[in-house]
There are 2 protein chains.
Amino acid sequence: MKLKKSERQENLKKMIEEEPFITDEELSKRFKVSIQTIRLDRLELAIPELRERIKYVAKQQWDETVKALPIDEVIGDIVDLQLDLSAISLLEIGTEHVFSRNQIARGHHLFAQANSLAVAVINDQLALTANSEISFNRPVKLGERVIAKAKVISTEENHRTVVTVESSVQQEIVFSGTFYMYRSTDEERGDSSNENRN
Amino acid sequence: MKLKKSERQENLKKMIEEEPFITDEELSKRFKVSIQTIRLDRLELAIPELRERIKYVAKQQWDETVKALPIDEVIGDIVDLQLDLSAISLLEIGTEHVFSRNQIARGHHLFAQANSLAVAVINDQLALTANSEISFNRPVKLGERVIAKAKVISTEENHRTVVTVESSVQQEIVFSGTFYMYRSTDEERGDSSNENRN
DNA sequence: ATTACTATTAGGACCTAGTCATAAAACGGA
DNA sequence: TCCGTTTTATGACTAGGTCCTAATAGTAAT
């Protein structure tokens, strides 16, 4: 006797979770049982067939891709946006943002939220960060909601705009930064020559 | 005559790109041709069948999930590390790092590489960025390899360390930053009291 | 109109990775 | 030994194709 039914089914479940692109045939070889047994197991465990599993993973990916396109530009959710004036975005700190050791958000995520908001607030085809001074006032922890507020300070003629961003958790400022942005409408000459420079 | 072969094939290609989960049958209805014509078209355009398309999308998703996990500690690959002295990391700019519009790397990825390197070089349990001044000297494009070099400038007694990072592509500096870091060994009192402060 | 050629459609055999239903066989425990 | 569970086998059928052959349409040039 290799494994009891219940044991096999538990292992099966885990195996399919870890490796969803596996056929019944391959599973039957691994467990040294017939293909029909595997199918009975899937039936009892309500695990769909390979093609449905693949489809499910692919749909997720597709939905995210579709979702990601409009989001692409900004990290966090924009809750208010007045072009060339101000913008507000919200970022909820999840496990993917923190150091596993101490649950403190990694600085570059706060920077990314602020920086992408500074890019988004600019009403031009192209906006790139040229310089920036930032400070992290206190650590942000897992589960906190960071609200970033961007303000456009000055828009000079020479393709430069200054944007300040203050990020806070419950009224307490956790991050602040000044972003010196380069901006350009694509129609102008500056852009493509700039891009080809490498 | 509805569409010429070449026109239909162009549209077909676009349609499948936009909506890869479409069967030949559905396509044949849309173009009002037989299923065989659609299959000939796919053959000529080297477009794989529905199931292969789904599998491809799903694999991508899967690979990214797997890839996203180990990223945790440092953005980029560390190629040299001398604790409390210097460190070097390498980041190859992929499609996930760039603005789709112009293929220029988004600033926060360069920041993330530099910042996480500054954190990594510090020989203490806890290292957090307190302040930073950074500048983006020229846009970095898709496919370029960014080499970030971090140097520890000064290590004062009061938990502060200054680290500079210069990132370059083929000897040309693309990013530079100064990071004012807060560091602490976990044994000391400062850390946990600090963390519980919210 | 006839020929020549491309484009389209049709058909059948085969494939994978299954479903669903039925039945037979093997195994474990009282 | 008999009973109930578990496993295996078998056959019919499905979607969404591949691959190959062959017939038919449509268009253009002679």
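Check the entry above for the structure.
Residues numbered from 1 in each chain as written. Chains lettered and ligands numbered in written order. Predicted model: local features only at pLDDT ≥ 70, side-chain atom pairs only at ≥ 80, totals over all residues. Heavy atoms only, no water.

Chemist: Quick rundown of helix α5 (residues 107-121) of chain A? Include the residues and the values.
Modeler: Spanning 15 residues, α5(A) covers 21 Å between terminal C-alpha atoms, matching the ideal 21 Å at 1.5 Å per step. With 15 of its 15 residues buried, α5(A) lies for the most part within the structure. (Helix = DSSP H or I, 4+ residues; strand = E, 2+ residues; numbered from the N terminus. Expected span 1.5 Å × (residues − 1). Buried < 20%, exposed > 50% of the residue type's maximum accessible area, 1.4 Å probe, protein only.)

Chemist: So what's going on with the packing of aromatic side chains? Which residues, and what values?
Modeler: Taken as a whole and assessed by the stated rule, the structure comprises five aromatic pairs over all chains. Arranged with centres 5.8 Å apart and planes meeting at 50 degrees, the rings of A:F111 and A:F179 form a pair that is tilted. One end of the pair, A:F111, is in helix α5; the other, A:F179, is in strand β6 (residues 172-184), and 68 residues separate them in sequence. Each member of the pair A:F111 and A:F179 is classed as buried. The interplanar angle of 15 degrees and the centroid separation of 3.9 Å between the aromatic rings of A:F111 and B:F111 together place this pair among those described as stacked. Here the residue A:F111 occupies a position in helix α5, and B:F111 occupies one in helix α5 (residues 107-121), the pair thus bridging two chains. Accessibility classification places A:F111 together with B:F111 in one group, the buried group. (Phe/Tyr/Trp six-rings, centres within 6.5 Å; stacked < 30°, edge-to-face > 60°.)

Chemist: Got a sec to walk through the protein's contact with DNA strand D? Specific residues and values, please.
Modeler: Close to DNA strand D lie 14 residues, the nearest being A:R8, A:S34, A:Q36, A:T37 and B:L50. Sugar plus phosphate, as a fraction of atoms of DNA strand D within 4 Å of the protein: 68%. At 3.0 Å, a backbone N or O of B:D24 approaches a phosphate oxygen of DNA strand D. B:R39 is positioned such that a nitrogen or oxygen atom in its side chain is 3.3 Å from a sugar or linking oxygen of DNA strand D. The set of elements that each furnish at least two residues to the surface near DNA strand D consists of α1 (5-18) and α3 (35-45) of chain A together with α3 (35-45) and α4 (50-68) of chain B. Counting residues per element, the surface near DNA strand D draws most heavily on α3(A), at three residues. Class assignment for the residues of the surface near DNA strand D results in three nonpolar, four polar and seven charged. (Near = heavy atom within 4 Å. Polar contact = N/O pair within 3.5 Å; in protein donor to acceptor, adjacent residues only side chain to side chain. Nonpolar A, V, L, I, M, F, W, Y, C, P; charged D, E, K, R; others polar.)

Chemist: For the nonpolar core, give the residues involved together with the corresponding values.
Modeler: Core analysis: the biggest nonpolar cluster contains 68 residues, and A:V163, A:F179, B:V163 and B:F179 have the highest contact counts within it. The dominant element in this core, judged by the number of residues it contributes, is α5(B), at eight residues. Those residues within four positions of B:F179 in sequence are excluded, and the remaining contacts are B:F111, B:A114, B:N115, B:A118, B:T129, B:N131, B:S132, B:I134, B:T161, B:V162, B:V163 and B:V165. (Core = buried A, V, L, I, M, F, W, Y, C linked by side-chain atoms within 4.5 Å. Contact = heavy atoms within 4.5 Å.)

Chemist: Quick rundown of the sheet that holds strand β5 (residues 160-169) of chain B? Include the residues and the values.
Modeler: The 12 strands lie next to each other as β1(A)-β2(A)-β4(A)-β5(A)-β6(A)-β3(A)-β3(B)-β6(B)-β5(B)-β4(B)-β2(B)-β1(B), forming an open sheet whose pairing is antiparallel. On the outer flanks of this sheet lie β1 (77-82) of chain A together with β1 (77-82) of chain B, each paired with one strand and no other. With direction set aside, neighbouring strand axes in the sheet form an average angle of 20 degrees. Note that β1(B) and strand β2 (residues 86-92) of chain B share five bridges and pair antiparallel. Bridge pairing in β2(B) places B:D80 opposite B:I88. (Pairing = 2+ DSSP bridges. Axes fitted to C-alpha atoms, helices over the stretch in contact; angles between N-to-C directions.)

Chemist: Which residues make up the protein's contact with DNA strand C, and what values do they have?
Modeler: Neighbouring DNA strand C are 15 residues; A:D24, A:R51, B:R8, B:S34 and B:T37 lie closest to it. By atom count, sugar and phosphate contribute 72% of the portion of DNA strand C lying within 4 Å of the protein. Residue B:R8 places a side-chain N or O atom 2.7 Å away from a phosphate oxygen belonging to DNA strand C. Residue B:S34 places a main-chain N or O atom 2.8 Å away from a phosphate oxygen belonging to DNA strand C. Sort the elements by how many residues they give to the surface near DNA strand C and α3(B) lands first, with three residues. Grouping the constituent residues of the surface near DNA strand C by class yields three nonpolar, four polar and eight charged.

Chemist: Hey, could you go over the interface of chain B and chain A for me, with residue numbers and the actual values?
Modeler: The interface of chain B with chain A comprises 51 residues on the first partner and 52 residues on the second. Between chain B and chain A, roughly 4,400 Å² of surface is buried when both sides are summed, and carbon and sulfur atoms account for 57% of that area. For the pair chain B and chain A, the number of links is five residue pairs in polar contact (both at pLDDT 80 or more). Contributing elements (two or more residues each) for the side of chain B that touches chain A: α1 (5-18), α4, α5, β3 (126-136) and α6 (190-195) of chain B. A per-element tally of the side of chain B that touches chain A places β3(B) first, with 10 residues. Its residues assigned to classes, the side of chain B that touches chain A shows 20 nonpolar, 15 polar and 16 charged. Two elements, strand β3 (residues 126-136) of chain A and β3(B), share five bridges in a ladder whose sense is antiparallel. Within β3(B), the position partnered with A:S132 by the bridge is B:I134. (Buried area = accessible area lost by both parts, 1.4 Å probe.)

Chemist: Which residues make up a nonpolar patch on the surface, and what values do they have?
Modeler: Residue and element names in this part refer to chain A. A cluster of nonpolar residues, I78, L81 and L83, forms a patch on the protein surface that exposes about 230 Å² of accessible area. Along the polypeptide, L83 turns up in the loop between β1 and β2 (86-92). According to the relative accessible area criterion, L83 is partly exposed, its value standing at 41%. (Patch = residues over 30% accessible without salt bridge, like charges linked within 9 Å, V, L, I, M, F, W, Y side chains within 5 Å. Areas by Shrake-Rupley, 256 points an atom, 1.4 Å probe, with all protein chains shown as cover. Salt bridge = Lys/Arg side-chain N within 4 Å of Asp/Glu carboxyl O.)

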